[in-house]
Amino acid sequence: RMATLVVDNGAYSVKAGLLPPNPPPSNPKYTDPLLPFSPVVLPNCTAKSRAEKKFFVADGLSSAVDLSALYLRRPHERGYVVNWDLEQEVWERMCHRDVLSVKPSETSILVSEPLLSPNELKDNP
């Protein structure tokens, strides 16, 4: 069996967790006894700082010194993904070894999507 990456790709935040291939029946380190993994919540955005001359992705925003000088970019408009390149940057951070440590060749993915999502927005150009 493969590990499964479960992703709720919300417009404001990405909620994700890595389900191991053979989850143990219960583990005290998990936050919810009904979930066999520990989910993470990341801001679904990138930011550029005018003051610090830095670029932040997802949870990297927490290291920004001057939040008022940030220019935020979000990959969603009205609840739908419209900027797939920006979404890719957020997902790359989510899969990084510092966050979920996803190994793509050993992982399947399950992604939620809005109900009645238009087909034009589902395709990655």
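The structure this text deals with has already been given above.
Every value quoted in this text rests on a predicted model; they were computed, and no experiment measured them.

Time to look at the overall build of the chain. The secondary structure content of the chain amounts to 2 helices and 9 strands. Listing the helices and strands of the chain from first to last along the sequence gives β-β-β-β-β-β-β-β-α-β-α. For the chain, the proportion of its 125 residues judged to be buried stands at 32%. The long-range share in the chain, meaning contacts at least 24 apart out of those at least 6 apart in sequence, stands at 53%. Looking at the chain as shown, the accessible area adds up to about 8,500 Å², and 56% of this sits on carbon and sulfur atoms.

In this section: the side chain of Ser 49. Following the sequence through the fold, Ser 49 ends up in strand S4 (residues 46-49). Ser 49 gets classed as buried once you look at its relative accessible area, which sits at 1%. A distance of 3.4 Å separates the side chain of Ser 49 from the backbone nitrogen of Ala 51, its partner in a polar contact.

Only one face of strand S3 (residues 40-43) is buried, namely the one carrying Val 40 and Leu 42, since none of Val 41 and Pro 43 on the opposite face is buried. Direction of pairing for strand S2 (residues 13-19) relative to S3: antiparallel, over a ladder of 4 bridges. Each bridged residue has a counterpart across the sheet, and for Lys 15 the counterpart in S3 is Val 41.

Let us look at the environment of Val 102. The topology assignment puts Val 102 in the loop between helix H1 (84-95) and strand S9 (107-111). Spatially, the C-alpha atoms of Val 102 and Leu 5 are 7.9 Å apart, while their sequence positions differ by 97 residues. Among all residues touching Val 102, those that are not within four sequence positions of it are Leu 5, Leu 18, Cys 95 and Thr 107.

A word on the sheet that holds S4. Spatially, 3 strands are ordered S5-S4-S6 in an open sheet, and the strand pairing comes out antiparallel. The sheet terminates laterally at strand S5 (55-57) and strand S6 (70-73), the two strands that pair on one side only. In this sheet, adjacent strand axes meet at a mean angle of 20° when their direction is disregarded. Here S4 pairs with S5 via 3 bridges, running antiparallel. Bridge assignment links Lys 48 to a residue of S5, and that residue is Phe 55. Together, S4, S5 and S6 form the strand contacts of H1, whose direction differs from that of S5 by roughly 70°.

It is worth spelling out H1 at this point. Taking 1.5 Å of rise per residue, 12 residues should cover 16 Å, and H1 covers 16 Å from first to last C-alpha, within 8% of that figure. Buried residues of H1: Leu 86, Glu 87, Val 90 and Met 94, and no others. Along H1, the residues classed as buried sweep out an arc of 100° about the axis, all on the same side. Here H1 starts with a cap whose side-chain oxygen sits 3.3 Å from the backbone nitrogen of Asp 85, and that cap is Asn 83.

Parameters at a glance
- Residues numbered from 1 in each chain as written.
- Predicted model: local features only at pLDDT ≥ 70, side-chain atom pairs only at ≥ 80, totals over all residues.
- Heavy atoms only, no water.
- Helix = DSSP H or I, 4+ residues; strand = E, 2+ residues; numbered from the N terminus.
- Buried < 20%, exposed > 50% of the residue type's maximum accessible area, 1.4 Å probe, protein only.
- Contact = heavy atoms within 4.5 Å.
- Areas by Shrake-Rupley, 256 points an atom, 1.4 Å probe, with all protein chains shown as cover.
- Polar contact = N/O pair within 3.5 Å; in protein donor to acceptor, adjacent residues only side chain to side chain.
- Pairing = 2+ DSSP bridges.
- Axes fitted to C-alpha atoms, helices over the stretch in contact; angles between N-to-C directions.
- Expected span 1.5 Å × (residues − 1).
- Arc of directions from axis to C-beta.

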